[in-house]
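Working through the structure, step by step
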Amino acid sequence: MVKPKVAIHKFSSCDGCQLAFINLGEPLLVLAGLVDIVHFAEAGPVDESAKVDIALIEGSVSASHDIERLQKIRANSTYLITIGACATSGGIQALRNMADTNQWIRDIYANPAVIDSLDNSTAIKEHVKVDLELWGCPVSKRQVINAIRALLFGVMPEEEKDKICMECKRHQTVCVMVTNNEPCMGAVTRTGCGALCPSVGRDCYGCYGPAENANTQALANRFEGLGLIKDEAARRFLFINSGADVFYQQGELMRETD
Amino acid sequence: MSNETIKINVPILARVEGEGALDLTIENSEITELKLRIYEPPRYFEKFLEGRNYYDVPDTVARICGICPVAYQMSASHAIESIFQVEITPWIRAMRRLFYCGEWLQSHALHIHLLAAPDFLGFNNAIEMSAQYGNEVRRGLKLQALGNDLVTLFGARSVHPVGVKIGGFSRAPNKKAVDALLMRVTEAKQDAVDLIHWLDTLELPEDNQDFISVALHHDNEYPFNEGRIISDHGLDISIDKFETHFKEMHVAHSTALHCLLDGKPYLVGPLARVNLNAGQLPADTKAIINGLKTHFPSKNMFHSIIARAIEIHFALIEAERLLINYEVTEQPCLSFEPKKGTGYGCTEAPRGILWHRYDIDKSGCVTSAIIVPPTSQNQPRIEQDIRNALMSLGLDKTKKELQLHAEKVIRNYDPCISCATHFLDMNLVRDGVVENSMLMDLFKNADLSKTAIIGVGSPNEGDRLGWQIVDMLQQNERAVELGKKGMSILKLDRPGVALGEIIRGLDCVLLIDAVKQGEKGLSFIQIDVDQLINPPKQISTHEYGLTESITLLRNLKMRPEKLVIVGVNKVSKSVVTKILNMFIND
């Protein structure tokens, strides 16, 4: 039997989501037995233009040459899955979308003309069709393995859209907002991480992006009730997933300074 | 070409891991150009830190690197705590060392097994290597997993851990989790010993070079979070004096700034640390080093892989000590009031010193940030090393050998572009001939009935070179042989938009066109059409040049599967031979 082919591609990112594979340990060798990993530059195999059954994409579109490369990957792939915040919403570097990037380049580089950088950092779905999004900064091993396993069984993986709050309740984690006045984003953030931040006693900062039906305005009101000024409350939404519509709109509504 | 080095005063942000390439030119047995290009798009971390509260900093800077987020969190925490005059407790200090042991362990084990060892054992990657070296790979993955679990003990996950706060940790780990890890750490010490001895048996190239090692140094311990910055050439400064000796510059071929020490390249990372701090290692680790055939301090960068393994052993001994003495605390994080000021942080990331500077206003918001990662510090040294290493290897070696050796050299530094250097795209120009490794074999075994070599030009002087090459090909025996097997060899006069019609149905097309005289003195340039992102206009002397035609073909989806342009600026037998070698197996 021919093994399904898998490729893992990187765009603008920190490489952290690829570690969901590299950190698998022995299961990585098992995975390599189930599928043929034809392109995964960080781990070794390189065949960027191979036709594959599943392409996983880390990173956001951020330079002019990214777009054409992405279109080729799409044309060569049956299923295209984004892994992580960068690929799914533009990531932390989408914070530049609210600023004058050209000024930043001039501030940093002596020779700005040679820097290839688009004004905005954008999600993969802004440019090509995406079959499945795995949110998170970073994605977890469980998420990526679940997704590949489901596809090997011939079904689409189930998307997790619940709120972190639900997960805290299931874990019986004490609420950090109610008991400790922490400005926790759990009420509007999607599950998938395992509600890690409240489990260590701190506020969630939204790295898994918006949950479904997120009532961001109610949470923003609560943040103000906790004593956050508007800008501080805005920055809760404008952080790792500032490119996600629901967070962006709430953040922009509250932002007072540029 | 504006590739001169320019000094700048404004700091960079640049995270440097990511995409890189190597440009190398050899003329008359001398390297005349060597550039390690880093073209990972900038991500502007230092800029979007401006205006954010101090408490967002650890979670922000972690995102610079998925492989060493702990290092970024640690340098940032120390810098900001120094502004707020927070004196951390012995418990916090000890736990930060333990946290850091986890990161070194996972990062070093990852690099040794997944990135570097396949080089020295002749495999393309660790998955291939695991078929023959299953136990070694499994041992490596086990050490890496243990490192990740130590980070997770405090951070709840190993990539972008969430437990770090300015002033300490969100929570103290419970004793049960600590004891479980202690057992694994104790058991893993033997794995580290075996790993060091295994690496010591590898046939590593002999290549001693003169370079400056730079690391943190602390009188009482092997350095992690604290110490003075020292070198083996007499430097000995406190971390706040970094900017008086170290200067960052922007060079055109890199989105990572280059950093120089008093104008010179220098080395940071495991080999520099072992060279400067071997005396601070635990007795058990020292005893192992004394029994090796490899000696430290070493001036051979290929010994970095062993230095990394030595630090794995150190990290396990240090972690064991800290875990044995572990007590749960009531105060994992200190409270404080934000203050205005400037602070510095410098800690030893797995790849070397990571220096941060922050200005904070009285409300606790960042007004400016400077981050100098290890890879931007090593980049000038890497270029220097490749140059020396290739010279001692011999510049007459085949392109493949030169490339593999250059890749090995680069990987010694474990740059965060390790990922990219695994598919290092080396453009080698030897005596005026550009050899692009991706293209040299593109036409081998092509279906000759669907293949064409087309000389493009016009009757104008200087623009007939493509035609003249075709004339020579038509009289060449090997070319005639290819013609008999069905390949077309023809001339076209400024085909422009008609090119698409002419090459319709062909799979493989090689276009020969004149390039501007004096174009770097080249007589032959192969251009991968897919690399023509912004077609350089000067590549053709035609008014409606080939690049425009090809861009059009590509946009109309009419281009053949394999299409290469060869630019020539003189007619010679060697050019003809080069062209034919692209089609015929030697």
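Residues numbered from 1 in each chain as written. Chains lettered and ligands numbered in written order. Predicted model: local features only at pLDDT ≥ 70, side-chain atom pairs only at ≥ 80, totals over all residues.

Each helix and strand in chain A was counted, giving 12 helices and 5 strands. For chain A, the C-alpha radius of gyration of 19 Å lies close to 18 Å, the compact-globule estimate for 258 residues. Overall size of chain A, expressed as C-alpha extent along the three principal axes, is 60 × 50 × 25 Å. Evaluated residue by residue, chain A yields a buried proportion of 55% over its 258 residues. (Helix = DSSP H or I, 4+ residues; strand = E, 2+ residues; numbered from the N terminus. Rg over C-alpha atoms; globule rule 2.2 N^0.38 Å. Buried ≥ 20, exposed ≤ 12 C-beta atoms within 10 Å, placed from the backbone.)

On to the sheet that holds strand E12 (residues 352-360) of chain B. Residue and element names in this part refer to chain B. Taken together, 3 strands build an open sheet; the order of strands is E11-E12-E13 and the sheet is antiparallel. The strands lining the two open edges of the sheet, one partner per strand, are strand E11 (341-349) and strand E13 (366-372). Neighbouring strand axes in the sheet, compared pairwise and without regard to direction, differ in orientation by 15° on average. Examined bridge by bridge, E11 and E12 share 9 bridges and lie antiparallel to one another. Looking at the pairing, cysteine 346 lines up with tryptophan 355 of E12. Set on the sheet, helix H12 (residues 374-393) makes contact with E11, E12 and E13; between it and E12 the angle comes to about 130°. (Pairing = 2+ DSSP bridges. Axes fitted to C-alpha atoms, helices over the stretch in contact; angles between N-to-C directions. Contact = placed C-beta atoms within 7 Å.)

Take the domain arrangement of chain A next. Residues and elements named next belong to chain A. Domain boundaries in chain A define domain 1 (5-152) and domain 2 (164-254). Here the C-alpha centroids of domain 1 and domain 2 sit 25 Å apart. Each side of the interface is counted separately: domain 1 has 15 residues, and domain 2 has 12 residues. If you tally residues by element for the side of domain 1 that touches domain 2, the top one is helix H4 (residues 85-89), at 3 residues. (Domains from an automatic or database assignment.)

Moving on: the packing of helix H10 (residues 283-290) of chain B against helix H11 (residues 304-324) of chain B. Residues and elements named next belong to chain B. Running from N to C, H10 and H11 cross one another at 160°; their axes reach a closest spacing of 9 Å. Relative to H11, the element H10 is oriented roughly antiparallel. Helix-helix and strand crossings are classified by hand; for H10 and H11 the assignment is right-handed. Contacts from Asp284, Thr285, Ile288 and Ile289 in H10 reach Ile310, His313, Phe314 and Ile317 in H11. When its residues are assigned to classes, the contact of H10 with H11 shows 5 nonpolar, 2 polar and 1 charged. (Parallel < 35°, antiparallel > 145°, perpendicular 65-115°, else oblique. Left-handed = near helix turned anticlockwise from the far one by under 90°. Nonpolar A, V, L, I, M, F, W, Y, C, P; charged D, E, K, R; others polar.)

This part takes up unusual backbone geometry. In this structure, proline 138 of chain A follows cysteine 137 of chain A across a cis peptide bond, with omega equal to 5°. One can find proline 138 of chain A in the loop between strand E5 (132-134) and helix H6 (141-152). Cis rather than trans, the peptide bond between phenylalanine 296 of chain B and proline 297 of chain B has omega equal to 0°. With respect to the helices, strands and loops of the structure, proline 297 of chain B is situated in the loop between H10 and H11. Positive phi outside glycine occurs at asparagine 181 of chain A, with the angle close to 60°. A residue is classified by how many C-beta atoms lie within 10 Å of it, and asparagine 181 of chain A, with 12 of them, is exposed. At asparagine 213 of chain A, a residue that is not glycine, the phi angle is positive and equals roughly 50°.

All names here are of chain A. Packing of helix H10 (residues 216-225) against helix H11 (residues 230-237) leaves a shortest axis separation of 9 Å and a crossing angle of 140°. In terms of orientation, H10 and H11 fall into the oblique class. For the element pair H10 and H11, the recorded crossing hand is right-handed. The residues of H11 that touch H10, namely those facing Thr216, Ala220, Phe223 and Glu224, are Ala233, Arg236 and Phe237. In terms of residue class, the contact of H10 with H11 is made up of 4 nonpolar, 1 polar and 2 charged.

What follows is about the pairing of strand E7 (residues 228-231) of chain B. Residue and element names in this part refer to chain B. Every second residue of E7 is oriented toward a common face, the buried set being Ile229 and Ser231 and the non-buried set Arg228 and Ile230. Examined bridge by bridge, strand E6 (residues 214-217) and E7 share 4 bridges and lie antiparallel to one another. Considered in E7, the bridge of leucine 216 is made with isoleucine 229. Hairpin connection between E7 and strand E8 (residues 236-237): a loop of 4 residues separates the two successive antiparallel strands, and glycine 234 in this loop has a positive phi of roughly 100°.

So, on to H11 of chain A. A turn of α-helix holds 3.6 residues, and therefore any two residues three or four places apart point the same way. All names here are of chain A. Of all the 8 residues making up H11, 6 are buried; the element is thus mostly covered by neighbouring parts of the structure. Those residues of H11 that fall on the buried side of the exposure criterion are Glu232, Ala233, Ala234, Arg235, Arg236 and Phe237. Where H11 is buried, its residues touch H10 and helix H12 (245-254).

What follows concerns the sheet that holds strand E2 (residues 36-40) of chain A. Residues and elements named next belong to chain A. Here we have 5 strands laid out as an open sheet, ordered E2-E1-E3-E4-E5, and parallel in their pairing. Because the sheet does not close on itself, it has two edges, and the strands there are E2 and E5. Neighbouring strand axes in the sheet, compared pairwise and without regard to direction, differ in orientation by 20° on average. Inspection of the sheet shows strand E4 (residues 77-83) paired to E5 by 3 bridges, in the parallel sense. Across the sheet, threonine 82 pairs through a bridge with glutamate 133, a residue of E5.

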